[in-house]
Amino acid sequence: MRKIFSKLHLWLSVPFGLIITLICFSGAVLVFEKEIMELSHRDLYFVEVPDCASSGGASAAVTLPVDSVAAIVAAMLPEDVKVTGVNVFSDPERAWQVSLSKPRRASVHVDQYTGEIKGQYERAPFFTVMFRMHRWLLDSMKPGETVFWGKVIVGTSTLMFVFVLISGIIIWWPRTSKALKNRLKITVSKGWKRFWYDLHVAGGIYACVFLLAMALTGLTWSFQWYRTGFYKVFGVEASAGGHGQAGAGNQAALSDRSKGQGQNRQHGSSGTAGRHDSSQMKEDMSAAATDDVWQTVYERLAAGNPGYSRISVMDGAATVSFDRPGNRRAADRYRFDKADGTITEAVMYKDSDRASKIRGWIYSVHVGSWGGIVTRILAFLAAIVGASLPLTGYWMWLRRLYGRKKASGKG
């Protein structure tokens with residue numbers, strides 16, 4: 001039986017190994033994209049809190065009303081681009097983020113104390129390449145094509161990776177406790193050959209749980225049939241166009257309204273921003289600037305959710321997010337009266353439909369964010385090890401072939 005799995009492990013790894021390396025490496029790079037961007041563009045993401053010593057310190061600094069910030073941005077936009085929402089962060093040093101109707105997931109950062117527009121969010125070309133590598137091997141859907149080959153190849157390679165990992169565990173499984181101890185060591189003092197071997201054998205075992213979790217969740221973005229089966233395991237019907245059926249009635253409308261209008265998300269879903277026509281949006285923004293309805297909603301939600309990390313206010317809807325372990329996309333969702341800001345409906349995350357929860361958990365597990373910085377670091381390390389496994393595997397295979405050929409020549 002072990003010989004069968006050894007052959008399966010080898011002959012699935014040989015044709016798909018390099019692709020798996022590219023997928024894992026690009027995924028590892030994306031884990032800390034947000035932190036890297038914030039560190040390299042700090043002036044865009046963060047602001048200086050005014051010193052209000054006379055009012056009791058910087059904590060007493062007063063921000064502009066949410067509606068005013070939205071109006072400042074709206075006044076600078078071309079006629080065909082509209083403000084769709086404002087994201088307010090609990091961190092007083094973090095610039096507010098104003099979402100735009102286009103292009104997809106566009107936004108600008110604004111100093112909430114002065115009204116200065118800090119700049120527009122643009123994904124760095126390097127991370128754009130890494131994302132396209134991770135998802136589609138840099139391929140793009142050509143006009144008239146019915147098959148997205150880059151997506152299919154990534155999905156197929158990821159599926160094969162699952163079988164490679166499982167067969168690797170079976171091959172690795174020791175027969176004695178002494179063998180177990182040896183197979184969990186990564187030795188660095190016995191030369192490079194031993195190190196590469198240990199990295200492949202022991203390193204693969206240490207990383208396999210995270211790699212399997214990332215592969216199994218990642219497949220939901222590649223194949224509709226897999227997504228349907230994955231969701232059915234949790235008793236949810238998956239829609240043809242995305243990650244599960246968002247539910248019915250008011251919750252579905254609220255979910256659709258808020259998709260894509262929160263903070264920028266690299267592996268997120270596109271939203272429905274900018275539905276209103278130009279005249280209606282201008283009227284809404286004018287009313288907001290006069291009546292401070294969005295500010296009223298923000299103040300009410302902030303007062304009722306003291307532990308929030310972000311409050312997103314949109315046209316008639318709002319979400320409150322918390323920085324808690326688990327589903328990192330968890331949020332409480334609200335509707336409000338656009339005339340006076342009265343909250344008319346509240347759907348707490350704990351009461352959300354199962355499909356919405358599963359979507360958030362799939363993303364959180366895939367990127368390793370479910371446990372905060374610790375699991376993100378572990379996911380990064382696992383992805384790096386995952387990228388190395390095919391390379392060390394090729395090295396071991398070629399070395400074995402060379403040894404056999406050399407032995408055969410001597411004979």
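Throughout, residues of each chain are indexed from 1 in the direction in which the sequence is written. Two thresholds apply to this predicted model, a pLDDT of at least 70 for residue-level local features and 80 or more for giving and counting side-chain atom pairs, whereas whole-chain, interface and lining totals are computed over all residues. Computation of side-chain values covers all heavy atoms of the structure but excludes hydrogens and water.

### Remarks on the packing of aromatic side chains
- Only Phe, Tyr and Trp rings take part, Trp by its six-membered ring, and two of them pair if their centres are within 6.5 Å. Stacked means planes under 30 degrees apart, edge-to-face means over 60, and tilted covers everything else. Inspection of every chain in the model, using the stated rule, returns 14 aromatic pairs.
- Note on Phe131 and Trp136: the rings are 5.6 Å apart at their centroids and 85° apart in plane angle, and the pair reads as edge-to-face.
- Three labels apply to residues, based on accessible area from a 1.4 Å probe with only protein chains included: buried if under 20% of the type maximum, exposed if over 50%, partly exposed otherwise in between. A relative accessible area of 10% means that Phe131 is categorised as buried.
- Look at Trp172 and Trp173: their rings are 6.0 Å apart centre to centre, the planes differ by 80°, and that puts the pair in the edge-to-face class.
- On the basis of relative accessibility, which here comes to 10%, the residue Trp172 falls in the buried class.
- An aromatic cluster is built from Phe223, Trp225, Tyr226, Phe230 and Phe234, whose rings are joined through pairwise contacts.
- Placement of a charge over a ring requires the Lys NZ or Arg CZ to be within 6 Å of the ring centre, with the centre-to-atom vector within 35 degrees of the ring normal. Positioned above the aromatic ring of Phe46 is the side chain of Arg42, whose terminal nitrogen or guanidinium carbon lies 4.3 Å from the ring centre.

### What about the sheet that holds strand E4 (residues 117-120)?
- Overall, antiparallel pairing links the 8 strands, which are arranged E4-E3-E2-E1-E5-E6-E7-E8 in an open sheet. Two strands lie at the open edges of the sheet, namely E4 and strand E8 (343-347), each paired on one side alone. For this sheet the average axis-to-axis angle between neighbouring strands, irrespective of direction, equals 20°.
- Being paired, for any two strands, means DSSP has found at least two bridges between them. Starting at the N terminus, helices and strands are each numbered in turn, a helix being any DSSP run of H or I of at least four residues and a strand any DSSP run of E of at least two. Relative to E8, strand E7 (residues 331-336) runs antiparallel, the two sharing 4 bridges. Along E8, the bridge assignment pairs Tyr334 with Ala346. Every axis in this analysis is a line fitted to C-alpha atoms, fitted for helices over the stretch in contact. Angles between the N-to-C directions lie between 0 and 180 degrees.

### Considerations on the pattern of salt bridges
- Salt bridge, as used here, is a side-chain nitrogen of Lys or Arg placed within 4 Å of a carboxyl oxygen of Asp or Glu. The final tally for this structure, using the stated rule, is 10 salt bridges.
- In this structure, Lys142 engages Asp139 in a salt bridge whose closest nitrogen and oxygen atoms are separated by 3.1 Å.
- The partner of Asp323 in a salt bridge is Arg328, with the nearest N and O atoms 2.6 Å apart.

### Let's talk about the confidence of the model for the chain
- pLDDT measures the predictor's confidence residue by residue and takes values from 0 up to 100. In the predicted model, the chain carries a mean pLDDT of 86, and the fraction of residues at 70 or more is 84%.
- Residues count as neighbours in contact if any of their non-hydrogen atoms are within 4.5 Å of one another. Taken as a whole, residues 54-58 scores under 50 in pLDDT and shows 5 contacts with residues more than four places along the chain or in a different chain.
- Of the regions scoring below 50 in pLDDT, residues 244-290 engages in 116 contacts with residues more than four places distant in sequence or in other chains.

### Re a nonpolar patch on the surface
- Residues Ile373, Val374, Ile377, Leu378 and Leu381 make up a contiguous nonpolar surface patch of roughly 430 Å² in combined accessible area.
- Looking at the secondary structure, you find Leu378 in helix H14 (residues 373-410).
- Judged by its relative accessible area of 38%, Leu378 falls in the partly exposed class. Patch members must show over 30% relative accessible area and no salt bridge, and they are joined within 9 Å when carrying like charges or within 5 Å when they are nonpolar side chains of Val, Leu, Ile, Met, Phe, Trp or Tyr. What sets the accessible areas is the Shrake-Rupley method with a 1.4 Å probe; for residues, cover comes only from the shown protein chains.

### A short note on the packing of helix H8 (residues 192-218) against helix H13 (residues 354-367)
- The N-to-C vectors of H8 and H13 enclose an angle of 140°; their axes lie 8 Å apart at closest approach. Relative to H13, the element H8 is oriented oblique. Crossing of H8 against H13: the hand is left-handed. In this structure, H8 contributes Ala213, Met214, Thr217 and Gly218 to the contact, and H13 contributes Ile362, Val365 and His366.
- Under the convention adopted here, Pro, Cys and the residues Ala, Val, Leu, Ile, Met, Phe, Trp and Tyr are nonpolar, Asp, Glu, Lys and Arg are charged, and Gly plus all remaining residues are polar. Counted by class, the contact of H8 with H13 contains 4 nonpolar, 3 polar and no charged residues. Working definition: roughly parallel below 35 degrees, roughly antiparallel above 145 degrees, roughly perpendicular at 65 to 115 degrees, and oblique for all remaining angles. What makes a crossing left-handed is the near helix being turned counterclockwise from the far one by less than a right angle; a clockwise turn instead makes it right-handed.

### Some remarks on a positive patch on the surface
- Counted as positive: Lys and Arg. Counted as negative: Asp and Glu. His and the chain ends are not counted at all. By convention, the point assigned to a charge is CZ for Arg, NZ for Lys, CD for Glu and CG for Asp. Side chains of Lys3, Lys7, Arg400 and Arg404 sit close together on the surface and give a patch of like positive charge.
- Along the polypeptide, Lys7 turns up in helix H1 (residues 2-31).

### Quick word on the UniProt feature "transmembrane region" (unreviewed entry) in the chain
- This chain's UniProt record puts "transmembrane region" (unreviewed entry) on residues 12-32, 148-174, 195-221 and 373-397.
- Each end of residues 195-221 is marked by a C-alpha atom, and these two atoms are 35 Å apart; helix forms 89% of the span and strand 0%. UniProt positions are given in the numbering used here, feature names are shortened, and annotations may be inferred rather than shown by experiment.

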